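The lines below spell out each chain.
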Amino acid sequence: MEKKSRARWVLPGLGVLLIFLMLAAAGVGRYMVPFDKVVSILSSVIFNVEQHWTDVEQTVVLNIRMPRIILAILIGAGLSVSGVALQALFANPLVSSHVLGVSYGAGFGAAIGILLSENHLFIQGMAIVFGMVAIALTYSISKTGKGTQLYMLVLAGVIVGALFQALISLIQYVADPEEKLPSIVYWLMGSLGGTSLKDLRLGIPLIGVGILIIFAIRWHLNVLSLPEEEARSMGVNLKLLRGLIIIATTVITAVAVSLSGIIGFVGLVIPHFARMVVGHEHRVLVPVTILMGGIYLLLIDTIARSATAAEIPLSILTAIVGAPFFAVLLRRTGGGWHD
């Protein structure tokens, strides 16, 4: 079947699958809740449903699992669509949101926050601030007399990412090995444990705005693959378009890291799964990637909290899936675009 014709049923199919998996995930865990009770508990939020479930089941579904499920979907969608946008920006399928150094900058900010305080909002705030500092440094280093070239931006991102990785190691070196160090190491490995409604109040507006920006400009992402003169002749403001992509992906990545730690490979793997299904047309690719990203991280997080008695860090599971995929992709494409 042609990729263009697939798009007609892929989007609604992914939407139905996402809803089903949300309901299923709300009942899965060390404390199991039957599927029909999950549906009834969630329905009771809107409709007047006769209660045939326990108060414990309601608390587990509504207060513990649903905030985590929503945040997993939001972060997965955000990191994935950031990957699509950055791959279009750099015309390279092997680029992800780590390329600008934002993830490690935010990770350093969170590590400082954990070192100085146990206040969750302070830790999140520090992560966001240093994520912004990282992109500012990347942009400053990349500026030359001829303006900001894309390859210079990539190189600057590598430099800034390496710098913040070293600073994270320094924080770990000086941290109290009994109290602070385990918290920093575990947090940096990525986890949605302890997610609350407060996290959603931060995540939904900021990550949501970033996703909406990329969704709104998806019509123009195809233009980035054209020569600059040809793109400008079509009336596209390339400077504004690139700026919007960088701002949106920076906000999404910084906030995601502030809430869940550093989760790798999501922004690399999911855009390629989506591209294999619906092709390179960004008008379809962007919404498909958003849904696939949400589904992917929801599945990973459900496995992480259910597979063993001790929760598995998300970055371990995403790397187990992503690293082999990256290796195969690199070997097949040689770093270039292939339909």
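Placed above this text is the structure.
Read on for a plain summary of the structure. (Residues numbered from 1 in each chain as written. Predicted model: local features only at pLDDT ≥ 70, side-chain atom pairs only at ≥ 80, totals over all residues. Heavy atoms only, no water.)

As for a nonpolar patch on the surface
Taken together, the side chains of V129, V133, L137, I141, I159 and L163 present a nonpolar region at the surface, about 460 Å² in accessible area. Elements that contribute at least two residues to the nonpolar patch include exactly α5 (120-142) and α6 (150-174). Among the elements that make up the nonpolar patch, the one with the highest residue count is α5 (four residues). Among the secondary structure elements, V133 is positioned in helix α5. (Patch = residues over 30% accessible without salt bridge, like charges linked within 9 Å, V, L, I, M, F, W, Y side chains within 5 Å. Areas by Shrake-Rupley, 256 points an atom, 1.4 Å probe, with all protein chains shown as cover. Salt bridge = Lys/Arg side-chain N within 4 Å of Asp/Glu carboxyl O. Helix = DSSP H or I, 4+ residues; strand = E, 2+ residues; numbered from the N terminus.)

With respect to the side chain of E57
Relative to the helices and strands, E57 resides in helix α3 (residues 55-90). When residues no more than four places from it in sequence are discounted, the contact partners of E57 are Y31, V33, P34, K37 and I41. (Contact = heavy atoms within 4.5 Å.)

Observations concerning a negative patch on the surface
Taken together, E118, D176, E178 and E179 make up a surface patch of like negative charges. Positionally, E178 belongs in the loop between α6 and α7 (180-188). (Lys, Arg positive; Asp, Glu negative; His and termini not counted. Charge placed at Lys NZ, Arg CZ, Asp CG, Glu CD.)

What to know about the pattern of salt bridges
On inspection of all chains with the given rule, the structure shows four salt bridges. For R68, the salt bridge identified is with D301, shortest N-O distance 2.8 Å. Of this pair, R68 sits in helix α3 while D301 sits in helix α12 (residues 282-306), placing them 233 residues apart in sequence. Residue R68 is classed as buried on the basis of its relative accessible area, which comes to 9%. You can call D301 buried: its relative accessible area is 2%. Notably, a salt bridge pairs E281 with R283, separated by 2.9 Å at the nearest N-O pair. (Buried < 20%, exposed > 50% of the residue type's maximum accessible area, 1.4 Å probe, protein only.)

Focus: the environment of R30
With respect to the helices and strands, the residue R30 is situated in the loop between α1 (3-27) and α2 (35-43). Once the C-alpha coordinates of R30 and S233 are considered, the two residues, 203 residues apart in sequence, prove to be 59 Å apart. Sequence-distant contacts of R30, defined by excluding residues within four places in its chain, comprise R65, R305 and A309. Within the structure, R30 has its side chain in polar contact with the backbone oxygen of A309 (distance 2.7 Å). (Polar contact = N/O pair within 3.5 Å; in protein donor to acceptor, adjacent residues only side chain to side chain.)

Regarding α5
In this model α5 runs 33 Å from its N-terminal to its C-terminal C-alpha over 23 residues, within 8% of the 33 Å that 1.5 Å per residue would give. Those residues of α5 lying buried are I123, Q124, M126, A127, I128, F130, G131, A134, I135, T138 and S142. The N-cap residue of α5 is N119: its side-chain oxygen and the backbone nitrogen of L121 are 2.9 Å apart. (Expected span 1.5 Å × (residues − 1).)

Focus: helix α10 (residues 238-260)
Here α10 spans 32 Å end to end across 23 residues, near enough to the 33 Å set by a 1.5 Å rise per residue. By the criterion of burial, α10 is predominantly enclosed, with 18 of the 23 residues buried. Measuring from the side-chain oxygen of the N-cap residue of α10 to the backbone nitrogen of K239 gives 3.3 Å; that N-cap residue is N237. Remark: G261 follows α10 within two positions and exhibits a positive phi of approximately 85°.

With respect to unusual backbone geometry
The bulk of non-glycine residues show a negative phi, and the bulk of peptide bonds are trans. With a phi angle near 75°, F265 is a residue other than glycine that sits in the positive phi range. As for its placement among the helices and strands, F265 is situated in the loop between α10 and α11 (266-278).

Quick notes on the side chain of D301
Reaching out from D301, the side chain makes a polar contact with the side chain of R68 at a distance of 2.8 Å. Apart from residues lying up to four places away in sequence, D301 is in contact with R68, A72, L192 and L314.

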